[in-house]
Amino acid sequence: MIRLTVTSVFVDDQAKALDFYTRVLGFVLKHDVPLGEDRWLTVVSPAAPDGVELLLEPDTHPVVGPYKAGLVEDGIPAASFGVVVGVMPPLQVVPSSANDVGAGLAVPFHAPLKPNDTL
């Protein structure tokens, strides 16, 4: 059986992103492996510690800037997170600028958009 094991979100500061994803969103640290100036840094849902890992990946590669800017320009969420039904609706990370895409910092959260909704 094939299953997704790791997916990534580009971040401009791994330490700030780790704090946001763990303290604010409730993810838990899975791996923190030094790799030179950066780290292999993953978090998981506390409900699925052996589930899909979210890699907090540094955004230093030259193609990441245009990619992030394109998401902002087209209004595409960087990621979507499901939550327990009845507690709150699914959340989408909707970037307000290219610097916010995937950073986990100053990113507004919205319920999924309905027809005619605007950001």
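Anything mentioned here points back to the structure above.
This report concerns the structure included in the present document. Predicted, not measured: the structure shown is a model, and the values here were computed from it.

**A few points about a nonpolar patch on the surface**
Line of reasoning, step 1. Taken together, the side chains of Val6, Val33, Leu35 and Trp40 define a hydrophobic patch exposed on the protein surface, amounting to about 320 Å² of accessible area.
Line of reasoning, step 2. Mapped onto the secondary structure, Val33 falls in strand β2 (residues 28-35).
Line of reasoning, step 3. Residue classification places Val33 among the partly exposed positions, given a relative accessible area of 38%.

**A short note on the environment of Arg3**
Line of reasoning, step 1. Relative to the helices and strands, Arg3 resides in the segment before β1 (6-11).
Line of reasoning, step 2. It is 8.6 Å that separates the C-alpha atoms of Arg3 and Val52, two residues lying 49 residues apart in sequence.
Line of reasoning, step 3. Beyond its immediate stretch of four places on either side in the chain, Arg3 contacts Asp50 and Gly51.
Line of reasoning, step 4. At a separation of 3.4 Å, a polar atom in the side chain of Arg3 contacts the main-chain carbonyl oxygen of Asp50.

What counts and what doesn't
- Residues numbered from 1 in each chain as written.
- Predicted model: local features only at pLDDT ≥ 70, side-chain atom pairs only at ≥ 80, totals over all residues.
- Heavy atoms only, no water.
- Patch = residues over 30% accessible without salt bridge, like charges linked within 9 Å, V, L, I, M, F, W, Y side chains within 5 Å.
- Areas by Shrake-Rupley, 256 points an atom, 1.4 Å probe, with all protein chains shown as cover.
- Salt bridge = Lys/Arg side-chain N within 4 Å of Asp/Glu carboxyl O.
- Helix = DSSP H or I, 4+ residues; strand = E, 2+ residues; numbered from the N terminus.
- Buried < 20%, exposed > 50% of the residue type's maximum accessible area, 1.4 Å probe, protein only.
- Contact = heavy atoms within 4.5 Å.
- Polar contact = N/O pair within 3.5 Å; in protein donor to acceptor, adjacent residues only side chain to side chain.

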